[in-house]
Amino acid sequence: EEKALEKIRKKLTKEDIKAIKKQNKQLKKFQDEQEGVSLDVLPKVTLADVSVGARDLPLVRDKVGDTEIFYHESFTNDIVYIDISFDLPYLKQTELSAASFITNILPHMGCGGRDYAANLEYIQQYTGGVDALLSQNRNVKGKFKPSISLWGKALGSNVDKLAKILVDMTTSADFTDQSRIKELLLQHYIGLEQSLTSSAMQYASNLAASKTSQSAHVANYWFGLEYFWFVKSLLDTENDFSQLKEYILGNAKPQLIITCDHKNYVKLKKNNFYGLVDIPTQQKTAWRTNYKLKDIPSQGRIIPASVSFTCQLFDTMHYEDPDAPVLTVAAMLFRNKILHKRIREQGGAYGCGAVNNLMSGNFYLHTYRDPHIKKSLGAFSEAI
């Protein structure tokens with residue numbers, strides 16, 4: 001860049017240099033003038049610009065064989081989004097964290113006869129990415145019906161390739177490649193270890209909530225400290241996840257969720273969804289929640305940081321309780337009248353808050369990057 005500018009400089013005459021300096025002064029003067037211009041010149045959006053009618057977002061429900069299909073027509077700039085979801089079968093408590101680990105590494109294994117490197121190249125060539133995830137699908141009072149979903153996106157011209165990847169991941173993911181599993185395990189563990197500090201608030205909240213309900217208990221084994229300890233325990237052992245992988249995938253009556261424009265949906269339907277509705281499935285042991293909840297005592301855990309992430313949790317009420325809105329108002333009052341002043345302004349923490357979670361029936365008080373644990377706990381009590 002300097003060489004290019006030097007070339008230009010050598011060609012400039014005295015008059016050119018004088019003109020550039022003059023233009024620079026004019027620009028500086030204009031910028032100074034703009035600082036004083038009223039913000040009223042900026043365009044504004046008012047309530048008059050907002051439609052009083054709700055938008056209709058229709059969801060088309062269809063069925064092919066045992067597969068339920070949910071389709072939402074939307075302009076997506078020729079991108080097709082596909083999600084195939086299977087209800088999770090019953091898992092023993094010792095299998096909960098293993099199921100989460102399998103879900104994390106599933107998109108990074110070989111499948112369809114391709115090793116992981118060829119599979120990654122295939123995914124990058126034809127799709128905008130694929131992934132797998134566990135969902136609890138919670139409703140009132142902590143009831144939930146968990147599922148495992150494989151999803152991805154691709155241009156309409158490559159939707160057949162996307163469908164093939166999702167089918168292959170479901171039916172033929174190669175979990176016999178121990179060297180690949182070990183490599184992914186090490187990468188995953190390093191990421192989790194780093195997250196103990198960066199996501200300390202989430203870990204504290206998951207741990208505090210895990211004694212209050214079955215769904216929170218499972219979440220701790222899927223994403224919390226129990227999961228971290230499980231992954232750490234795998235480092236020095238040989239692990240075969242092939243059978244559990246086969247067990248958690250391919251449960252009967254999957255659901256196919258599709259978002260795209262009408263043209264691409266017609267194409268999918270005409271081609272029988274490129275095999276997504278023909279995935280072999282079998283009825284497996286239905287999910288049930290009968291895990292023994294652990295008592296979680298108050299505790300502290302040391303991390304490599306000079307500040308704390310603190311969570312105090314109360315098991316309260318769900319959204320159908322007539323008194324639940326009162327706690328939502330209380331959370332706002334806690335934050336604005338006491339917590340922010342005591343913890344953020346006077347205590348110097350990065351942040352704090354109170355949350356009434358109506359779905360889980362939990363009330364949280366929390367601080368993050370907080371140099372004063374005892375004073376903050378005192379502020380929690382003062383707010384209450």
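The residue count restarts for each chain, going from 1 along the sequence in the order it is written. Local features in this predicted model are restricted to residues of pLDDT 70 or higher, and side-chain atom pairs are both shown and tallied only at a pLDDT of 80 or more, whereas totals for entire chains, interfaces and linings draw on every residue. Heavy atoms from the whole structure form the basis of all side-chain values; hydrogens and water molecules are not counted.

Colleague: Residue-level account of the nonpolar core, with values.
Modeller: Of all hydrophobic cores here, the largest spans 69 residues; its most connected members are Ile82, Phe101 and Ile258. In this view, isoleucine 258 contacts Ile69, Phe70, Tyr71, His72, Val80, Tyr81, Ile82, Tyr265, Leu268 and Phe273; residues no more than four positions away in its chain are not counted. Remark: nonpolar core denotes a set of buried residues (Ala, Val, Leu, Ile, Met, Phe, Trp, Tyr, Cys) joined through side-chain atoms within 4.5 Å. For the exposure calls, accessible area comes from a 1.4 Å probe over protein chains only, and a residue counts as buried if that area is under 20% of its type's maximum, exposed if over 50%, partly exposed in between. By size, the runner-up hydrophobic cluster in this structure holds 14 residues, among which are Ala331, Ile338, Ile343 and Ala379. Residues are treated as being in contact if the distance between any of their heavy atoms lies within 4.5 Å.

Colleague: Report on the sheet that holds strand β1 (residues 60–64), specifying residues and quantitative values.
Modeller: Taken in spatial order, the 6 strands of this open sheet run β1-β2-β6-β3-β5-β4, and their pairing is mixed. Every other strand in the sheet has two partners, leaving β1 and β4 (130–135) as the edge strands with one partner each. On average, adjacent strands in this sheet sit at an angle of 20° to one another, irrespective of strand direction. Should DSSP find at least two bridges between two strands, the strands are regarded as paired. Numbering of helices and strands runs from the N terminus, with a helix taken as a DSSP run of H or I at least four residues long and a strand as a DSSP run of E at least two residues long. Sheet topology note: the strand β3 (residues 79–87)/strand β5 (residues 147–155) ladder contains 9 bridges and is antiparallel. Here, axes are lines fitted to C-alpha atoms. For helices the fit covers the stretch in contact, and angles between N-to-C directions go from 0 to 180 degrees.

Colleague: Quick rundown of the environment of leucine 339? Include the residues and the values.
Modeller: When you line up the elements, leucine 339 lands in helix α12 (residues 324–346). A relative accessible area of 0% places leucine 339 in the buried class. In this structure leucine 339 touches Phe334, Arg344, Cys352, Gly353, Ala354, Leu365, Ala379, Phe380 and Ala383, once residues within four positions along its chain are discounted.

Colleague: Can you lay out the sheet that holds strand β9 (residues 362–370) for me, pointing to particular residues and giving the numbers?
Modeller: Taken in spatial order, the 3 strands of this open sheet run β7-β9-β8, and their pairing is antiparallel. The open sheet is flanked by β7 (308–315) and β8 (351–357), the only strands paired with a single partner. Within this sheet the neighbouring strands show an average axis-to-axis angle of 10°, counted without direction. Looking at chain direction, β7 and β9 are connected through 7 bridges and run antiparallel. Looking across to β9, one finds that threonine 310 is bridged to threonine 367. Strand contacts of α12: β8 and β9, with the helix running at about 175° to β8, the strand carrying the most contacts. Set on the sheet, helix α13 (residues 373–383) makes contact with β7 and β9; between it and β7 the angle comes to about 25°.

Colleague: Please set out the packing of aromatic side chains residue by residue, giving values where relevant.
Modeller: Between the rings of Phe, Tyr and Trp (Trp by its six-membered ring), a pair exists once the centres lie within 6.5 Å; its type follows the angle of the planes, with under 30 degrees stacked, over 60 edge-to-face, and the other angles tilted. Overall, the coordinates contain 10 aromatic pairs when judged by the stated rule. Among the aromatic residues, those joined into a cluster by ring pairs are Tyr90, Phe144, Trp287 and Tyr291. Each ring is checked for a lysine NZ or an arginine CZ that lies within 6 Å of its centre and within 35 degrees of its normal; such an atom marks a charge sitting over the ring. It is arginine 180 that lies over the ring of tyrosine 116; its NZ or CZ is 3.8 Å from the centre.

Colleague: Let's hear about a nonpolar patch on the surface: which residues, and what values?
Modeller: Patch construction takes residues with relative accessible area above 30% that form no salt bridge. Like charges are linked within 9 Å, and nonpolar side chains (Val, Leu, Ile, Met, Phe, Trp, Tyr) are linked within 5 Å. The Shrake-Rupley method, run with a 1.4 Å probe, gives the accessible areas here. Residue values count only the displayed protein chains as cover. Each salt bridge in this description consists of a side-chain nitrogen of Lys or Arg and a carboxyl oxygen of Asp or Glu lying within 4 Å of one another. The grouping of Val37, Leu39, Val41 and Leu42 at the surface amounts to a nonpolar patch, some 400 Å² of accessible area in total. With respect to the element layout, leucine 42 can be found in the loop between α2 (14–35) and β1.

Colleague: So, the pattern of salt bridges: which residues are in play, and what are the values?
Modeller: Counting across every chain of the model gives 13 salt bridges. We note a salt bridge from aspartate 168 to arginine 114, for which the minimum N-O separation is 3.0 Å. Within this pair, whereas aspartate 168 is found in helix α5 (residues 159–172), its partner arginine 114 is found in the loop between α3 (93–105) and α4 (116–126), the two being separated by 54 residues in sequence. For the pair formed by aspartate 168 and arginine 114, the shared burial category is buried. In this structure, lysine 245 and glutamate 246 form a salt bridge, with 2.7 Å as the shortest nitrogen-oxygen distance. Taking the relative accessible area as the measure of exposure, glutamate 246 reaches 43% and is therefore partly exposed.

Colleague: Which residues make up the layout of surface pockets, and what are the values?
Modeller: The distinction between a cavity and a pocket rests on a 1 Å grid over the protein atoms alone: a 1.4 Å probe fits inside a cavity but cannot get out, while a pocket stays open yet meets protein on both sides within 12 Å along at least five of seven lines, and a residue with an atom within 4 Å of a point counts as lining. Grid points are joined across faces, edges and corners, and a volume is the space filled by probe spheres set on the points. Volume-wise, the largest pocket comes out at about 1000 Å³. As for the largest pocket, its lining consists of 31 residues, and the residues nearest its centre are Ala204, Gln299, Gly300, Arg301 and Phe309. Counting residues per element, the ones that place at least two in the lining of the largest pocket are α6 (178–198), α7 (200–209), α9 (225–233), β7 and α13. The element that contributes the greatest number of residues to the lining of the largest pocket is β7, accounting for 6 residues. By residue class, the composition of the lining of the largest pocket is 21 nonpolar, 7 polar and 3 charged. Its volume calculated, the second largest pocket comes out at about 300 Å³. Here the term charged refers only to Asp, Glu, Lys and Arg, the term nonpolar to Ala, Val, Leu, Ile, Met, Phe, Trp, Tyr, Cys and Pro, and the term polar to all other amino acids, Gly among them.

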